[in-house]
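Here is what each chain is made of, one letter per residue.
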Amino acid sequence: MTMNGCADLVLEGGGVKGIALVGAIAEMEARGYRMGAPARIAGTSAGAIVGALLAAGMPVPEMVRVMRALDYRSFQDGSRFAVVRGLSLLTTLGLHKGDALHRWISARLRECGVETFGQLKLHDPDSALPPEHSYALVVVVSDISSGRMVRLPWEYHRYGLNADDQSVADAVRASASIPVFFRPRRICRKDGRRCVQVDGGMLSNYPITIFDREDREPRWPTFGVKLSGPPASDGVFRQWRAVRGPVGYGRALVSTMAEAPDRVQMDEPSIVARTMFARTDGVLATDFDLDAQTRDRLYAAGREAAARFLDRWSHPDYLAGYRSHRQPRR
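Residues numbered from 1 in each chain as written. Predicted model: local features only at pLDDT ≥ 70, side-chain atom pairs only at ≥ 80, totals over all residues. Heavy atoms only, no water.

Some details on the overall build of the protein
Each helix and strand in the protein was counted, giving 10 helices and 10 strands. Out of the 330 residues belonging to the protein, those deemed buried represent 49%. For the protein, contacts bridging at least 24 residues in sequence account for 76% of all contacts bridging at least 6. Counting every atom, the protein has about 16,200 Å² of accessible surface; 52% of that belongs to carbon and sulfur. (Helix = DSSP H or I, 4+ residues; strand = E, 2+ residues; numbered from the N terminus. Buried < 20%, exposed > 50% of the residue type's maximum accessible area, 1.4 Å probe, protein only. Contact = heavy atoms within 4.5 Å. Areas by Shrake-Rupley, 256 points an atom, 1.4 Å probe, with all protein chains shown as cover.)

Some details on helix α5 (residues 99–111)
Its 13 residues place the ends of α5 18 Å apart at the C-alpha level, agreeing with the 18 Å of an ideal helix rising 1.5 Å per residue. The complete set of buried residues in α5 reads A100, L101, H102, W104, I105, S106, A107, R108 and L109. Against the buried residues of α5 lie α2 (46–55), α3 (60–69), α6 (168–175), β6 (180–182) and β7 (185–188). The positive-phi residue at the C-terminal boundary of α5 is G113, with phi of around 80°. (Expected span 1.5 Å × (residues − 1).)

Digging into the nonpolar core
Taken as a class, soluble globular proteins show a tendency for nonpolar side chains to be buried jointly. Grouped together as the largest cluster of nonpolar side chains are 79 residues, with contacts concentrated most on L9, M67 and F223. A total of 8 residues in this core trace back to one element, the largest contributor, which is helix α1 (residues 19–30). Ignoring anything within four residues of it in the chain, the contact list for L9 reads I25, M28, M35, R40, I41, A42, L54, F211, F223 and V225. (Core = buried A, V, L, I, M, F, W, Y, C linked by side-chain atoms within 4.5 Å.)

Brief notes about the packing of aromatic side chains
Going through the model one piece at a time under the given rule, you end up with 15 aromatic pairs. Residues F75 and W104 carry aromatic rings whose centres are separated by 6.0 Å and whose planes lie at 65° to one another, so their mutual orientation is edge-to-face. You can see F75 sitting in the loop between α3 and α4 (82–92) and its partner W104 sitting in helix α5, a full 29 residues away along the chain. On the basis of relative accessible area, W104 is assigned to the buried category, the value being 14%. With centroids separated by 5.4 Å and ring planes inclined at 20°, the aromatic side chains of F309 and W313 adopt a geometry described as stacked. One aromatic cluster is present, formed by Y33, F223, F309, W313, Y318 and Y322 through successive ring pairs. (Phe/Tyr/Trp six-rings, centres within 6.5 Å; stacked < 30°, edge-to-face > 60°.)

Some words on the packing of α2 against α3
Taken N-terminus to C-terminus, the directions of α2 and α3 make an angle of 145°; their axes are 10 Å apart at the nearest point. In this structure, α2 meets α3 at a crossing whose hand is right-handed. For the pair α2 and α3, the contacting residues are V50, L53 and L54 in the first and V60, M63 and M67 in the second. Class assignment of the residues belonging to the contact of α2 with α3 gives a composition of 6 nonpolar, no polar and no charged. (Axes fitted to C-alpha atoms, helices over the stretch in contact; angles between N-to-C directions. Left-handed = near helix turned anticlockwise from the far one by under 90°. Nonpolar A, V, L, I, M, F, W, Y, C, P; charged D, E, K, R; others polar.)

A short note on the pattern of salt bridges
Tallied over the full model, the rule gives 16 salt bridges. Salt-bridge contacts for R31 lead to E27; the nearest nitrogen and oxygen are separated by 2.9 Å. D164 is the partner of K121 in a salt bridge, and the nearest nitrogen-oxygen pair spans 3.8 Å. Within this pair, whereas K121 is found in the loop between α5 and β4 (137–143), its partner D164 is found in the loop between β5 (148–152) and α6, the two being separated by 43 residues in sequence. (Salt bridge = Lys/Arg side-chain N within 4 Å of Asp/Glu carboxyl O.)

A look at the pairing of β7
In this sheet, strand β8 (residues 194–199) lies alongside β7 in antiparallel orientation, the contact comprising 4 bridges. For R186, the partnering residue across the bridge sits in β8 and is V196. (Pairing = 2+ DSSP bridges.)

Comments concerning the pairing of β4
The two faces of the sheet receive side chains in turn, since in a regular strand these alternate between them. Burial runs high along β4: 7 of the 7 residues are buried. Residues of β4 alternate between two faces, with L137, V139, V141 and D143 on one and V138, V140 and S142 on the opposite face, all of them buried. As judged from the 4 bridges shared by strand β2 (residues 41–44) and β4, these two strands associate in the parallel manner. In the sheet register, G43 faces β4, and the bridge partner there is V139. Hairpin connection from β4 to β5: 4 residues lie between these consecutive antiparallel strands, with G147 at a positive phi of about 70°.

Here we look at α3
Looking only at α3, the buried set comprises V60, M63, V64, V66 and M67. Here the buried face of α3 lies against α1, α2, α5 and α9 (292–312).

Structural notes on the environment of K121
According to the relative accessible area criterion, K121 is partly exposed, its value standing at 28%. Taking C-alpha positions, K121 is 9.4 Å from E132, a pair spaced 11 residues apart along the chain. Residues contacting K121, with those up to four places away along its chain left out, are P131, S134, Y135 and D164.

Considerations on unusual backbone geometry
Cis geometry marks the peptide bond from A37 to P38; its omega dihedral reads 10°. Here the bond from L152 into P153 is cis, since omega is 15°, no more than 30 degrees from zero. For P153, the position within the fold is in the loop between β5 and α6. Despite not being glycine, S45 has its phi angle at roughly 55°, a positive value.

Section: the side chain of S134
By the element assignment, S134 lies in the loop between α5 and β4. Those residues in contact with S134, other than ones at most four positions away along the chain, are L120, K121, L122 and L129.

In structure tokens form, the structure reads like this:
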């Protein structure tokens, strides 16, 4: 166990597979870990949804109930006619509006008494964080107007906006904007220019290093939950998919661009050492028709991943193995 049982938490994106994240969180709480203020949570897409609920103070048992009962089909708020959906894709850049998702996360956050990032500010007298980073939640989005990953609320100043006044639900909705599936989120800069934000997973689906600092030893660890199996110990590429025709080629290109940066991180032993790997084989991020049996399997996979990880975790050993060579800056 670490100081006060705290741990920063980074949650990978994965659409409907996010129920596995909840399983991991439930196991962590059962082991005595406290997540949320004064520790921090970061997430992309589904990780942003789960992370926002946790940062807002939703009790873990309630989160388990809410997420396991969620009917993901309700988020498909586009027309049932293929022709209309095709027109929607051409005119609005998304098959589905994303309004149902936005209403759902807004309602859950309001039930927790949270609407803006100002309500998620950290008040930790022992913290050395700069004020712009002193928030319980960080949501990762991809701003395709500027071609960069954006960390919200840390970087609202780039839009000329006051971070404390911005909607948490808006940021989560942007992070969960799976390209083509959901319409992108547009944000208006102070100068009037509109920026287009989409799924944070395009640039970093697993931002595990987001809380890392080089200037001091961490007071508690940063754990990550990844929705896949661990990398092969022999370095052999395990993933393989057929690439056939222009459509398959296009999908493979987009998938590779989105996943490659995070996969490179998995070659780093220090990253693997603090990652819980929840196996979600056979489930796609957009399998919105998830049945109860698959939900249960994903939830169990998350709990099992956390149990395996925590059975062997030692914060002092991690610091000795991966941080001892770093000297604090004066």
